Amino acid sequence: MSDNDVSSNIGGSDGVVLCMAGSGRSGTSLVASFFHESGILMGDNMREATRSNRFGYFEDMEFLNFHKSLLKKCGVDRYTPWVDLSLTRKDFEQASALLDCKNEKSVFWGWKDPRATMFMDLWNEINPSIKFLVMFRDPDEVMTSMYREQRRRIRYLHPTFAPKTWIINNLQALRFFLKKPESVAFVDLSVLKKSPDRVIYSLSEWLQYPLSIDVWNKVYRPSELRAGKKEYLNEPIISALVGFSKKYYGSEMKEVYRLLTEASLAK
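A brief structural summary.

About the thresholds
All residue numbers refer to positions counted from 1 along the written sequence of the respective chain. Per-residue local features of the predicted model are confined to residues with pLDDT of at least 70, and side-chain atom pairs are confined, for both listing and counting, to 80 or more; whole-chain, interface and lining totals are unaffected and use all residues. Neither water nor hydrogens contribute to the side-chain values; these are computed over all heavy atoms in the structure. By the criteria applied, helices consist of DSSP H or I runs no shorter than four residues and strands consist of E runs no shorter than two, each listed in order from the N terminus. Residue exposure (1.4 Å probe, protein chains only): buried if accessible area is under 20% of the type maximum, exposed if over 50%, otherwise partly exposed. The contact criterion used is simple: two residues touch if any of their non-hydrogen atoms lie within 4.5 Å. Note on areas: Shrake-Rupley with a 1.4 Å probe; residue coverage comes only from the protein chains shown. For the purposes of these results, a polar contact is taken to be a pair of N or O atoms within 3.5 Å, where, inside protein, one atom must be able to donate a hydrogen and its partner to accept one; residues adjacent in sequence count only when each atom of the pair is a side-chain atom. Paired strands are those between which DSSP finds at least two bridges. Simply put, an axis is a line fit to the C-alpha atoms, just over the touching stretch for a helix, and the angle between two N-to-C directions goes from 0 to 180 degrees. Between 30 and 60 degrees the pair is tilted, below 30 it is stacked and above 60 it is edge-to-face, where a pair is any two Phe, Tyr or Trp rings, Trp via its six-membered ring, whose centres lie within 6.5 Å. Charge-over-ring placement is defined geometrically: NZ (Lys) or CZ (Arg) within 6 Å of the ring centre, and within 35 degrees of the ring normal. For a helix, the expected span equals 1.5 Å multiplied by the residue count minus one. Oblique is the label for every angle not falling under 35 degrees (roughly parallel), over 145 degrees (roughly antiparallel), or within 65 to 115 degrees (roughly perpendicular). Whether a crossing is left-handed or right-handed is set by the direction in which the near helix is turned from the far one by less than a right angle, anticlockwise for left-handed and clockwise for right-handed. Each C-beta atom gives one direction from the helix axis, and the arc is the one those directions make. Note on definitions: salt bridges are taken to be side-chain nitrogens of Lys or Arg within 4 Å of carboxyl oxygens of Asp or Glu.

Examining the overall build of the chain
When you go through the chain residue by residue, the secondary structure sums to twelve helices and four strands. Across the 267 residues of the chain, 52% fall into the buried class. Excluding contacts between residues fewer than 6 apart, the proportion of contacts in the chain whose partners are at least 24 apart in sequence is 78%. Just so you have it, the chain exposes about 12600 Å², and 51% of that area is on carbon and sulfur atoms.

This is the structure in C-alpha cells:
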C-alpha cells in the first residue's frame, strides 16, 4: 500500500466528534495536531504554545476550563485516585450546551485534554456517538519527559507526581473501556512512530474518516519526542527520579502498560 492509499477505501462519514485523552507526555499534542491538519477541528481558541510544547498543545480552552471548573468544584484534581464525581444537573446542562455550540460550527471536530479521562462517562451519557482516543507511551519515556520538562514542580516538590499521574490517567481510561469498548481506541505512541501507515489506516476505519500519511509526515518531528535519548537518561537527577519511579511504582506501571497494549487499536 502506497503512502497516498492509506485510507483510499474509507468513505466520508456523516460527522466525527473526537475526544482525545491520555497521560501527559504521551504524544497527545502531536496526534491532536495531526487530526487538526486532517480537517477535524480541535478548537478555534486553543491553549498557547510554551517552551515545553513549542508547536502547541491543541487544547480547546473552553473544554479545558470546563474540566478544571468541575474538578475544583468537586475538590479534586486530575492526579486524584479515581472517585465518582458528584456532578449536578447544571453540570450536564453546561456540558450539553458546549457540545451543541461546537456542533453548530463543524460536523468534524474534537477536543484534547488529559483531564478528559475523568469525564468519559459524562460526555458519553450526553452523546454516545463520541469517539475517545487514548494515547499511551512506555512509562519510562513518560517519566523521563515529565521530570525533564517540569523540573521545579516535580523534581523538588512532588517526586511521585509523574508515576501516579500516568497510572491514574490510564486506569481511568481502561475503566471506561470495560464499559464501552466500541467507543474507545488506545494507540501506543511507539507503534505509531514505527508503523504510521498501519495505525493511521486503523484510525481511519475506526472513525470512518479519511486520514492521510502525508499529513502525518508533515506534522511529525522526531526530534520533539526525545525523552528516551541517552543524554537525558544519563543526567543524574533525571536518572535518579526515573529509578525512584521504577522502584516504587514499577510493577503497577508494568501491569497497566500490559493492559493498554492488549487493548490497543494496532499492536
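Now that the structure is up, let's keep going.
Details of the side chain of Ser106
Inspection of the secondary structure assignment puts Ser106 in the loop between α3 (89-105) and β2 (108-112). Residue Ser106 is classed as buried on the basis of its relative accessible area of 18%. Only 2.9 Å separates the side chain of Ser106 from the backbone oxygen of Phe108, close enough to count as a polar contact.

Quick look at the sheet that holds β2
With parallel pairing, the four strands of this open sheet are ordered in space as β2-β1-β3-β4. Looking at which strands have only one partner, the edges of the open sheet turn out to be β2 and β4 (184-188). Across the sheet, the mean angle separating the axes of adjacent strands is 20 degrees when strand polarity is ignored. Summarising the sheet, strand β3 (residues 131-136) and β4 pair through five bridges and their orientation is parallel. Along β4, the bridge assignment pairs Val134 with Phe186.

Regarding the packing of aromatic side chains
Ring pairs (aromatic) are described by centroid distance and by the angle formed between their planes. Here the structure, examined in full by the defined rule, presents 14 aromatic pairs. Taken together through their ring pairs, the aromatic side chains of Phe63, Phe66, Trp109, Trp111 and Trp123 make up a single cluster. We note Arg47 situated over the ring of Tyr57; from NZ or CZ to the ring centre the distance is 3.6 Å. Sitting above the plane of the Phe55 ring, Arg221 keeps its charged end 3.7 Å from the centroid.

Points about helix α7 (residues 161-179)
What sets the pattern is the α-helix's 3.6 residues per turn: residues three or four places apart point alike. For α7, which comprises 19 residues, the first-to-last C-alpha distance of 28 Å matches the rise-based estimate of 27 Å (1.5 Å per residue) to within 8%. The buried fraction of α7 is high, at 14 of 19 residues.

A look at the packing of helix α5 (residues 139-149) against helix α12 (residues 236-263)
Relative orientation of the contacting elements α5 and α12 amounts to 140 degrees, with a least axis distance of 9 Å. Viewed along their axes, α5 and α12 adopt a mutual orientation that is oblique. Both α5 and α12 take part in a crossing whose hand is right-handed. Here Pro139, Asp140, Met143, Thr144, Tyr147 and Arg148 of α5 come into contact with α12, specifically with Ile238, Leu241, Val242, Phe244, Ser245, Lys246, Met253 and Tyr257.

A closer look at the pairing of strand β1 (residues 16-21)
Where a strand is regular, its side chains alternate between the two sheet faces. The buried fraction of β1 is high, at six of six residues. Neither face of β1 is open: one carries Val16, Leu18 and Met20, the other Val17, Cys19 and Ala21, and all of them are buried. Where β1 and β2 come together, five bridges link them in parallel fashion. By the bridge assignment, Val16 is partnered in β2 with Phe108. Bridge count for β1 against β3 is four bridges, and the pairing is parallel. Directly across from Ala21, in β3, lies its bridge partner Val134.

Looking at α3
Across its 17 residues, α3 extends 25 Å between first and last C-alpha, which sits within 8% of the 24 Å expected from 1.5 Å per residue. All buried positions along α3 are accounted for by Asp91, Ala95, Leu98, Leu99 and Lys102. When α3 is viewed along its axis, its buried side chains cluster within an angular range of 95 degrees and face the same direction. Exposed positions of α3 whose direction lies more than 90 degrees from the buried face are Arg89, Lys90 and Glu104.

Observations concerning unusual backbone geometry
Positioned with a positive phi, Phe58 is a non-glycine residue whose angle comes to about 55 degrees. Structurally, the position occupied by Phe58 is in the loop between α1 (28-37) and α2 (61-74). For Phe58, a relative accessible area of 15% puts it in the buried group.

Quick word on the pattern of salt bridges
Where charged atoms from two side chains of opposite charge approach closely, those side chains can pair. Under the defined criterion, the tally for this structure stands at 15 salt bridges. Across the salt bridge formed by Glu59 and Lys112, the nearest N and O atoms sit 3.1 Å from each other. Taken together, the positions of Glu59 in the loop between α1 and α2 and Lys112 in strand β2 put the pair 53 residues apart, joining distant regions of the chain. For the pair formed by Glu59 and Lys112, the shared burial category is buried.

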